[in-house]
Amino acid sequence: MDYHFVYKDLDGASTQWDDIQTKLGNLPPKPPAFKPAPFAPADDQESKPKDKSWINDKNEEELEDLEDDPDLDDDRFLQEYRKKRLAEIREASKVAKFGSVIPICGSDFVREVSQASPDVWVVVILYKDGYAECGVLMACLEELAAKYPATKFVKIISTDCIPNYPDRNLPTLLVYNSGAVKANYVGMHNFGRRCTPEGVALVLCQSDPVLNDGQSGGDMSRETVLEEVRKRFMEKVVAAHEEDEDGSSSD
């Protein structure tokens, strides 16, 4: 029979002798005792207070499911707020979201431009690669497309759109609404000596509220759009001025 027994101490514990030998370098440091992570109960969604923030966290489908929620039967405020949030989400989903300058070819023009929804303004740039002025105007339109995602911006090679279109007219902007041309701008001189997104925005909105950010409703007037453009222009000027002051002070 095997009468040899090995007695083990508590996990992580060490004797005074072991501590001395470890200090002298004769024994490797003893690893720390294993400790499980502290228990953290999972969030109970049902226990969260039902308030406006709770409603705001719900998507359209979840808000619809709450219609028969017994917890809301006695809370008229939350019932009304649920209906309001559901209406806001549905209204936002109706707004066309574009957000960039969409490339099209000649065969796409009627579908993408002429047959666009009457509540959508379409800005078309006729361009060709390799023309610096086309690149400058295109960069301005890309910035405007991101700021006004409910306005549709498209680009098409000039001769794809109009055969034998003269290169001297590039770049050209066409503004469409309800299948008709509302404005056209031939050449860069229409946008001033220094072409900027704000300058292009002001030109586009000379007679109609072409630009739409999709957040101001469908009744945006030309004056409302122009005021918004001017406000953004001033904010940009102030920010650039502050950056210049910071740069000069650091020198």
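Overview of the structure. (Residues numbered from 1 in each chain as written. Predicted model: local features only at pLDDT ≥ 70, side-chain atom pairs only at ≥ 80, totals over all residues. Heavy atoms only, no water.)

What follows is about the nonpolar core. V124, F153, L173, F191, V200, L204 and L211 are the most contacted members of the largest nonpolar core, which totals 44 residues. A total of 7 residues in this core trace back to one element, the largest contributor, which is helix α6 (residues 132-147). Residue contacts for V124: discarding those within four places in its chain leaves F109, V113, V154, I156, T172, L173, L174 and Y176. Of all hydrophobic cores here, the second largest spans 7 residues; its members include W54, L63, L66 and L86. (Core = buried A, V, L, I, M, F, W, Y, C linked by side-chain atoms within 4.5 Å. Buried < 20%, exposed > 50% of the residue type's maximum accessible area, 1.4 Å probe, protein only. Helix = DSSP H or I, 4+ residues; strand = E, 2+ residues; numbered from the N terminus. Contact = heavy atoms within 4.5 Å.)

The subject of this paragraph is helix α8 (residues 197-204). When you tally the buried positions in α8, you get 6 out of 8 residues, the bulk of the element. Every buried residue belonging to α8 is among P197, E198, V200, A201, V203 and L204, and all of these are buried.

We now examine a negative patch on the surface. On the surface, D51, D57, E61, E62 and D65 cluster together into a patch of negative charge. Tracing the chain through its elements places D51 in the loop between α1 (16-24) and α2 (52-56). A relative accessible area of 30% places D51 in the partly exposed class. (Patch = residues over 30% accessible without salt bridge, like charges linked within 9 Å, V, L, I, M, F, W, Y side chains within 5 Å. Areas by Shrake-Rupley, 256 points an atom, 1.4 Å probe, with all protein chains shown as cover. Salt bridge = Lys/Arg side-chain N within 4 Å of Asp/Glu carboxyl O. Lys, Arg positive; Asp, Glu negative; His and termini not counted. Charge placed at Lys NZ, Arg CZ, Asp CG, Glu CD.)

For the structure on display, the rule yields 6 salt bridges. We note a salt bridge from R111 to D108, for which the minimum N-O separation is 3.2 Å. Taking the relative accessible area as the measure of exposure, D108 reaches 17% and is therefore buried. Across the salt bridge formed by K128 and D167, the nearest N and O atoms sit 3.0 Å from each other. In this pair, K128 sits in the loop between β2 (122-127) and α6 while D167 sits in the loop between α7 (158-161) and β4 (172-177), placing the two residues 39 residues apart along the sequence. What you see here is one network of salt bridges that share partners, running through D108, R111, E112 and K152.

In total, this model carries 2 aromatic pairs according to the counting rule given. Ring geometry for F109 and Y176: centres 5.7 Å apart, planes at 75°, overall edge-to-face. With F109 in helix α5 (residues 109-114) and Y176 in strand β4, this residue pair connects regions lying 67 residues apart in the sequence. Relative accessible area serves as the criterion here: at 11%, Y176 is assigned to the buried category. Relative to F191, the ring of Y185 lies with its centre 6.2 Å away and its plane at 55°, an arrangement referred to as tilted. Side by side, Y185 and F191 carry an identical accessibility label, which is buried. (Phe/Tyr/Trp six-rings, centres within 6.5 Å; stacked < 30°, edge-to-face > 60°.)

In this section: the packing of α6 against α8. Running from N to C, α6 and α8 cross one another at 75°; their axes reach a closest spacing of 9 Å. In this view, α6 runs roughly perpendicular relative to α8, as classed from their interaxial angle. Taken together, the residues of α8 that come into contact with α6 (itself represented by L137, C140, L141, E143, L144 and K147) are P197, E198, V200, A201 and L204. Of the residues contributing to the contact of α6 with α8, the split by class is 8 nonpolar, no polar and 3 charged. (Axes fitted to C-alpha atoms, helices over the stretch in contact; angles between N-to-C directions. Parallel < 35°, antiparallel > 145°, perpendicular 65-115°, else oblique. Nonpolar A, V, L, I, M, F, W, Y, C, P; charged D, E, K, R; others polar.)

Here we come to the sheet that holds strand β3 (residues 152-157). Strand order across the open sheet formed by 5 strands is β1-β3-β2-β4-β5, with mixed pairing between neighbours. Strands with a single pairing partner mark the edges of an open sheet, and in this sheet they are β1 (101-103) and β5 (180-186). Between one strand axis and the next, the sheet turns by 25° as a mean value, whatever way the strands run. Inspection of the sheet shows β2 paired to β3 by 6 bridges, in the parallel sense. (Pairing = 2+ DSSP bridges.)

Let's shift gears to the pairing of β2. Counting buried positions along β2 yields 6 of 6 residues, so the element is predominantly enclosed. In β2, alternate side chains face the same way, and those of V122, V124 and L126 on one face and V123, I125 and Y127 on the other are all buried. Crossover β2 to β3 through α6 is right-handed. In this sheet, β4 lies alongside β2 in antiparallel orientation, the contact comprising 5 bridges. Residue pairing for β4: V123 is matched across the bridge by V175. (Right-handed = clockwise from strand over helix to strand, strands pointing away.)

What follows covers the pairing of β4. Most of β4 sits inside the fold, with 6 of its 6 residues counted as buried. Alternating residues of β4 divide into T172, L174 and Y176 and L173, V175 and N177, and every residue in both groups is buried.

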